[in-house]
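Topology and contacts: notes
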Amino acid sequence: MNRSTSPSSPRSSAARDASSAVAGRAPAGLSRRSALGLGLAACGTLALPAAGAFAEGTLPGRLPSVRPAPLGVEAGGRAVVLGRRVTVLVGKDTDPAARAALRELLESVGCTVTESVAGAADAMDTTDATDAAAGAAGRVHLGTPEDNPTIAPTLEALGVDGPDGLAADGYVLAAGRDDAPVAVLAGRDARGTFYAVQTLRQLLDGTTTVPAVRLRDEPLMEIRGAIEGFYGIPWSHRSRLDHFAFYGRHKLNTYIYTPKDDLLLRSRWRELYEGDQLAQLTELVETAVAHHVDFTYALSPGNDIVYCSDEDFEATVTKFEQLRELGVTSFYIALDDIPWELGEEDAAQFGSLPEAQVHYLNRIQEEYVRAHDLVPLQTVPTGYTGSGPTEYKTAFGTGADPEIRIQWTGEGVFSPSITEASVVAAVESYHTDHLYIWDNFPVNDGRRDRLFLTPLEGRAPTLHQHLAGFTVNPMIQPYASLISLANYADYCWNPPGYDAATSWEAAVDELAGPESSIREDLRVFTDLNQNWPYRDGSPTAPALSADIEEFWSAHEAGDADETALAGRLTTITELESRLGEMASTGFYEDTLPWIVAAGHWAGALLAQIEMLRAITENRLEDASAAATRATERLVEAGRATVPDQREDGVHREDQIVPSVGDGVFHAFVPRAWEELRAVLPDHPSLPFLGLPGTATTTLATYQDHTIERIVDHDVETMFWSSSAPEVGDVVQVELEESHPIRFVRVQMATSDQTAGDQIYEGALELSADGESWTGIGATDGTPVAEATLDEPVDARFCRLRVTAENPGGQWVQIREFGMGEDPPAT
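Residues numbered from 1 in each chain as written. Predicted model: local features only at pLDDT ≥ 70, side-chain atom pairs only at ≥ 80, totals over all residues. Heavy atoms only, no water.

Observations regarding the pattern of salt bridges
One pass over the full model with this rule turns up 48 salt bridges. Of the charged contacts, one joins Asp-401 and Arg-370 as a salt bridge, the two residues approaching to 2.8 Å between their closest N and O atoms. One end of the pair, Asp-401, is in the loop between helix 12 (391–399) and strand 15 (405–408); the other, Arg-370, is in the loop between helix 11 (353–369) and strand 14 (378–380), with 31 residues separating them in the sequence. The residue Arg-745 makes a salt bridge to Glu-786 at a minimum N-O spacing of 2.6 Å. Taken as a pair, Arg-745 in strand 22 (residues 730–748) and Glu-786 in strand 25 (residues 784–802) lie far apart in primary sequence, 41 residues in all. Note on Glu-786: relative accessible area 38%, which makes it partly exposed. (Salt bridge = Lys/Arg side-chain N within 4 Å of Asp/Glu carboxyl O. Helix = DSSP H or I, 4+ residues; strand = E, 2+ residues; numbered from the N terminus. Buried < 20%, exposed > 50% of the residue type's maximum accessible area, 1.4 Å probe, protein only.)

Focus on the sheet that holds strand 10 (residues 223–228)
One closed barrel accounts for 8 strands, arranged 10-11-12-13-14-15-16-17; its pairing is parallel. Direction aside, neighbouring strands of the sheet carry axes that sit 25° apart on average. Note: strand 16 (residues 435–439) against strand 17 (residues 469–472), 3 bridges, orientation parallel. Bridging across to strand 17, Ile-437 finds its partner in Phe-470. (Pairing = 2+ DSSP bridges. Axes fitted to C-alpha atoms, helices over the stretch in contact; angles between N-to-C directions.)

Examining unusual backbone geometry
For the bond running from Arg-67 to Pro-68, omega is -5°, close enough to zero to count as cis. Looking at the element boundaries, Pro-68 is found in the loop between helix 2 (32–35) and strand 1 (73–75). Here Phe-441 and Pro-442 are connected by a cis peptide whose omega angle stands at 5°. Along the polypeptide, Pro-442 turns up in the loop between strand 16 and strand 17. Phi is positive for Asp-373, close to 55°, though the residue is something other than glycine. Here Asp-373 shows up in the loop between helix 11 and strand 14. Positive phi outside glycine occurs at Asp-654, with the angle close to 55°. Checked against the element boundaries, Asp-654 lands in strand 19 (residues 651–656). The class for Asp-654 is partly exposed, based on a relative accessible area of 41%.

What about the sheet that holds strand 1?
Taken in spatial order, the 7 strands line up as 1-9-6-7-5-3-4 in an open sheet, and their pairing is mixed. Of all the strands in the sheet, the pair left with one neighbour each is strand 1 and strand 4 (112–118). Ignoring strand direction, the axes of neighbouring strands in this sheet form an average angle of 15°. Across 3 bridges, strand 6 (residues 171–177) lies against strand 9 (residues 213–217) in antiparallel orientation. Paired with Val-172 across the bridge in strand 9 is Arg-216. Across the face of the sheet, helix 3 (residues 96–108) comes into contact with strand 3 (85–91), strand 4 and strand 5 (138–143) while running at roughly 155° to strand 4. (Contact = heavy atoms within 4.5 Å.)

With respect to the side chain of Asp-346
By secondary structure assignment, the location of Asp-346 is in helix 10 (residues 344–349). Side-chain polar atoms of Asp-346 contact the backbone nitrogen of Tyr-307, separated by 2.9 Å. Non-local contacts of Asp-346, meaning those with residues more than four positions away in its chain, are made with Ile-305, Val-306, Tyr-307 and Cys-308. (Polar contact = N/O pair within 3.5 Å; in protein donor to acceptor, adjacent residues only side chain to side chain.)

Regarding the packing of aromatic side chains
Per the stated rule, a full pass over the model turns up 35 aromatic pairs. Aromatic pair Tyr-257 and Phe-295: ring centres 6.2 Å apart, planes at 20°, arrangement stacked. Here Phe-295 lies in strand 12 (residues 294–299) and Tyr-257 lies in strand 11 (residues 254–257), a separation of 38 residues in the sequence. Note on accessibility: Tyr-257 and Phe-295 belong to one class, buried. Ring geometry for Phe-551 versus Phe-668: centroids 5.8 Å apart, planes at 45°, classification tilted. In this pair, Phe-551 sits in helix 17 (residues 542–556) while Phe-668 sits in helix 22 (residues 664–679), placing the two residues 117 residues apart along the sequence. The ring of Trp-552 has Arg-671 lying over it, and the distance from NZ or CZ to the ring centre is 4.1 Å. Lying across the ring of Trp-773, Arg-799 places its NZ or CZ 4.1 Å from the centre. (Phe/Tyr/Trp six-rings, centres within 6.5 Å; stacked < 30°, edge-to-face > 60°. Lys NZ or Arg CZ within 6 Å of the ring centre and 35° of its normal.)

Following this line, the structure appears as structure tokens:
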């Protein structure tokens, strides 16, 4: 990003300019980007000649798809075959990354490449270089008009305008004949040159033929990328390097490094890097630059910083200076998820938290960023949600240096939709011309058992008129996040041309590879991970749901043998081997715990289908055997196989049970069990169902995981506290009336096999009146607390009372809390 000065009243001109651009008219006066002070060159018209013009973002005829969808596409006569011998003409200052990428591309389609440097002191002049290349089967001119003197005359010969007037990162791509087959890749700047090569890669589609198109393309958003800002296991060094290559191919230009559980960013932020960590950061910065990705280093000092402290200011800029020496030119202070109260020293100097924060930020901007001529400082404030005005937002926005870029997450921490009206209001509330979005999709640190593989939806197509761009907060699993990142790449480049369904399909196909069967298998798997719980009405495994609905209808009609469900389930049981050959091994490895768990769930349902068939045919012995097999697979599906990392920074294997199927598997299982219960009520496979009761607790609730869920007879729902329990906290069930109780079971954490969020030290107690209590057992550190009594106790109440603090401040999850007159069959 480049620093620029915003004129007065920018937003009224922004809306006017954006509507002009969409209509294909040149905006009067300043473009949206310069009006908003976003540092991009003023954008000229994208209008194409009426003759041969095509709809925005579409390619004529049967041509390879280009993603992100170009803004301007024009028919250009006949296709151009470059042939097997190609001369690439560059300038001595043409972007090295683009040169390397073009050579790699041409050689990958079978071309022999000769590179000629025009304008080099020891090389032929521009005319000689072009003439010498004319004898080859084809030539490609690469660069900007400023760094390659052959670009302008060749474009003129083809009758094509140059890239002047395009936004930063824009480019022109044209092909035709000029004594020989010729293609021109003309960038507005170095990054635009590099992006032109990425577009040519898609147009060639494995051949040496450039389709008959001319592209004049530019991004509508300046900032397009990712912020590694989640809690949990930070990405590996290898995965970050791979992400930068992916970003380059998809025209994403930003990466913000700020994983919450990197201790040197947060709890130990004052310490400098050394050894392997420093060497890895060096490689990250170099690799990002090689793929034209802006590497932004984001420090999170807010938990213990003293904003007025000279020592903490010096610690900040000393840390930044270590990164600047590695080549980092973009810095960020993250003030999210920190205390709202000022410490004693700051409270004595400042009247409010935002006043203290902007003092610190402005000092960094003025004394470090400007002093070293760096791109403007970026930040996310402590109040980062909601579009309406608050005292905090007003004080923060009006107090902050107007050059500082401010991030915002939308109306909530998770925003099902981001509308134009919401963005306009947020820009006003934060008093900034430099707002851009930290989008918490598809991040899964709040649901680490889940993968979110659904398309990016709900972002208005006009947001580029009002803000600088987006950075997506991805999942803990880096390669599983690539579907969403490809969607964001398409959206941020060309919001009006973004189509969620086709963008998602293209991303899935890219990760699967060219084999059609693997593409279909990957769709079977992604179907099991479609629900995004922060959006009402989000689909739940839609293809699986349809097959299950068909199955139950046929089963009730007595004819379930020919339904599609068994075939889908069989495929799911084979995904572990069938997806092993997909193109993205990283995606496969990231998602393997969920693939394996899905296989166990599918195996359980296949066994239950066999059980139901046997019940229908009155083969109860066979039904019993099938039920036992189903139980075995369900036990395997419930094992914790996903690793995790908490605030202590320790990586631990097998901590989380992968949740797959969007709850659809889980809904099938109890319905099938009820048919077994009707004919074999004492079968040991049947889940224990507690007596009807009402649940209460002294613990606060996290989101919508309410206490009623512990008595709903569904182990897939749960109560979840919003903090660690204190000694004396209770979770209690009250029956409708007293019963002679002989058995109590409390199922905590996310599975019966692996400890997690639960009550680690607690006492199980019964009472007839809710006043006088009798102890019947205690927790033992496992997620299931049970008590089986030799003699029944008349009781109406049962509670689990906390007797000691949880280790590591873990919260509490309870799936079921049941009381019964008899223990379950074994």
